[in-house]
Amino acid sequence: PGNPRRWTPGLVVGGVLAVVVLGSNATVLAALTFGSPQTVVLALPEPVAVVATQPIPNGTTVASDGATDGSDIAPVPMGEEPLPVPTGVERGNDQQISPDGPKIITLRAPDAANVGQSPDLAHLPEDSALEETEAGLLPVRAADGRRPMDIYARPWSGTNGKRIALVIGGLGLSQTGTQRAIDQLPPEITLAFAPSGNSLDRWMREARKQGHELLVQVPMEPFDYPQVDPGPNTLRLASSAETNLENLHWAMGRLTNYTGIMNFMGGRFVGDETAMAPVLGDLALRGLLFFNDGTAGSARLSETVRTAGVPYVQGNIVIDASRNKPDILAQLGVLEALAERSGMAVGSGSALELTVDTVAEWANEAKKRGFEIVGVSALAR
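Residue indices follow the written sequence of each chain, beginning from 1 at its first position. The predicted origin of the model limits local features to residues at a pLDDT of at least 70 and limits the giving and counting of side-chain atom pairs to 80 or more, whereas totals for whole chains, interfaces and linings rest on all residues. Side-chain figures throughout are based on the complete set of non-hydrogen atoms in the structure, without hydrogens or water.

Student: Hey, could you run me through the nonpolar core in this one?
Tutor: If you look at soluble globular proteins, the nonpolar side chains tend to sit buried side by side. For this analysis, a nonpolar core means a set of buried residues of the types Ala, Val, Leu, Ile, Met, Phe, Trp, Tyr and Cys, connected via side-chain atoms within 4.5 Å. Only protein chains enter the accessibility calculation, which uses a 1.4 Å probe; a residue whose area is less than 20% of its type maximum is buried, one above 50% is exposed, and one in between is partly exposed. Counting 57 residues, the largest nonpolar core has Leu 185, Leu 191, Phe 193, Ile 261, Phe 290 and Trp 362 as the members making the most contacts within it. Counting 17 residues, the second-largest nonpolar core is a separate cluster that includes Ala 165, Leu 289, Val 313 and Ala 380.

Student: Help me understand the packing of aromatic side chains, please; the structure alone is not making it clear to me.
Tutor: Aromatic rings from Phe, Tyr and Trp, with only the six-membered ring used for Trp, were paired whenever their centres fell within 6.5 Å, and each pair was classed as stacked if the ring planes differed by under 30 degrees, edge-to-face if by over 60, and tilted otherwise. If you walk through the whole model with that rule in mind, you get one aromatic pair. Criterion for a charge above a ring: Lys NZ or Arg CZ within 6 Å of the ring centre, and within 35 degrees of the ring normal. The ring of Phe 371 has Lys 162 sitting right over it, with the charged end atom 4.3 Å from the ring centre.

Student: Would you mind showing me how to read helix 8 (residues 273-286) here?
Tutor: Three- or four-residue spacings in an α-helix give side chains the same orientation, since the helix completes a turn every 3.6 residues. What counts as a helix is a DSSP run of H or I of at least four residues, what counts as a strand is a run of E of at least two, and both are numbered from the N terminus. Here, expected helix span is obtained from the residue count minus one, scaled by 1.5 Å. Between its first and last C-alpha atoms helix 8 spans 20 Å; for 14 residues at 1.5 Å apiece the expected length is 20 Å, and the two agree. N or O atoms closer than or at 3.5 Å make up a polar contact, with two conditions inside protein: a donor-capable atom paired with an acceptor-capable one, and, for residues adjacent in sequence, both atoms drawn from side chains. Residue Asp 272 occupies the N-cap position of helix 8, its side-chain oxygen lying 3.1 Å from the main-chain nitrogen of Thr 274. The positive-phi residue at the C-terminal boundary of helix 8 is Gly 287, with phi of around 80 degrees.

Student: Before we go on, may I ask you to explain the environment of Ser 348 in this structure?
Tutor: Mapping Ser 348 onto the fold places it in strand 14 (residues 344-350). We classify Ser 348 as buried; its relative accessible area is 5%. Along the backbone, Ser 348 and Ala 165 are 183 residues apart, and their C-alpha atoms lie at a distance of 8.4 Å. By definition, residues are in contact when any of their heavy atoms lie within 4.5 Å. Ser 348 has contacts with Leu 166, Val 167, Phe 291, Asp 293, Ile 317, Val 318, Ile 319 and Asp 320, leaving out every residue within four places of it along the chain.

Student: Explain the environment of Phe 193 here, please?
Tutor: One can find Phe 193 in strand 8 (residues 190-193). Considered as a pair, Phe 193 and Val 218 are 25 residues apart in the sequence and their alpha carbons are 9.1 Å apart. Setting aside anything within four residues of it in sequence, one finds Phe 193 in contact with Leu 171, Gly 172, Thr 178, Leu 200, Trp 203, Met 204, Ala 207, Leu 214, Leu 215, Val 216, Gln 217 and Leu 255.

Student: Can you help me understand empty space enclosed by the protein in this one?
Tutor: Where empty space is left becomes clear once a probe the size of a water molecule has been rolled over the atoms. Space inside and on the surface of the protein is sampled on a 1 Å grid over the protein atoms alone, with a cavity defined as a set of points where a 1.4 Å probe fits but cannot get out and a pocket as an open set with protein on both sides within 12 Å along at least 5 of 7 lines; lining residues have an atom within 4 Å of a point. Grid points are joined across faces, edges and corners, and a volume is the space filled by probe spheres set on the points. What the rule picks out here adds up to three cavities of 30 Å³ or more. Val 270, Gly 271, Asp 272, Glu 273, Met 276, Leu 280, Ser 298, Arg 300, Leu 301 and Thr 304 are the residues that line the largest cavity. Of all elements in the fold, only helix 8 and helix 9 (301-307) reach the threshold of two or more residues within the lining of the largest cavity. Looking at which element gives the most residues to the lining of the largest cavity, the answer is helix 8, with three residues.

Student: I would appreciate a short explanation of the pattern of salt bridges in the present structure.
Tutor: Side chains that carry opposite charge are capable of pairing whenever their charged atoms lie near each other. Basic side-chain nitrogens of Lys or Arg form a salt bridge, by our definition, when they fall within 4 Å of a carboxyl oxygen of Asp or Glu. According to the stated counting rule, one finds 17 salt bridges in the structure shown. Put simply, Arg 146 and Asp 144 hold a salt bridge, and the shortest N to O gap is 2.9 Å. The partner of Glu 365 in a salt bridge is Lys 368, with the nearest N and O atoms 3.5 Å apart. With Glu 365 and Lys 368 both in helix 11 (residues 353-368), this residue pair falls three residues apart, about one helical turn. Lys 368 sits in the exposed class, given a relative accessible area of 65%.

Shown next as structure tokens:
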């Protein structure tokens, strides 16, 4: 009453249109405002209809003869076991709401909306997902159940396509090499830090600010130990479970903000189920993934890890076993071929100058060719 407004015809029409627009887009606004995945279906000119979604069938794997349940997928080279098609990803079915009518387009908020930190905070650890121990701050599941694997994951599209995860390890051992890797590699590349490196907390913060997902490399006993020594605090068959957990925690406590661990060497240790059991139990409890670069473990490793409840990724190829650019590019080409046929591929390499430069050049071109480079957690199941 103290500030009367004049209601003109234009204002009335505009108000009615605003109500109609807001009402029709309430579902869209809800999907964009809240983090949980929503299914939004748009159809014109007929009324909006909800499309049922179906998860990708569980247990669909690449068979040794290259066949699957209806898909033509090539066998995976240089690995002990085939990689599974990711589960838990839903996809909508294109339908029509009436004969010869308009096709329904299903828009699904990607799972990426539920993982990862804000880019402005990615270099800071999540306090609720840490515990203080004698080994330092170790990751744990947050009080609300969130896993460090999800908290520190690099978001991705959540769509089914040609996905490649690539892990570059050895970060922290060389100061100039670490800086070069963080500066040169696209943020989609996962970086793995060696616990015996220097200034790890500083490098962690820089890598996270650049958008990288991180892993910790854990030294594990190879077959020819001690002639080949992975370094201090190696997990060994001759050590007790308690000692191995202490060494595991030493490595894990050297930095924060990582999604899981990976083996450094470990051909003998990783292949021993008894030795691995306490390690896997600890990872499952904490909500971390295990990435096997494909150089360690037995044919039963995949089953053992999944039985323990640990998200698992196994690499197909070590891209720089031969250290010249044409060979590295050839191995990256194999990863592309695998992703073309099976929808996903995983590789690993070292933070050598040649590898970093080659991967940086390749990654930008691969994205132009329609490949999505994802953090390793995106393929962990």
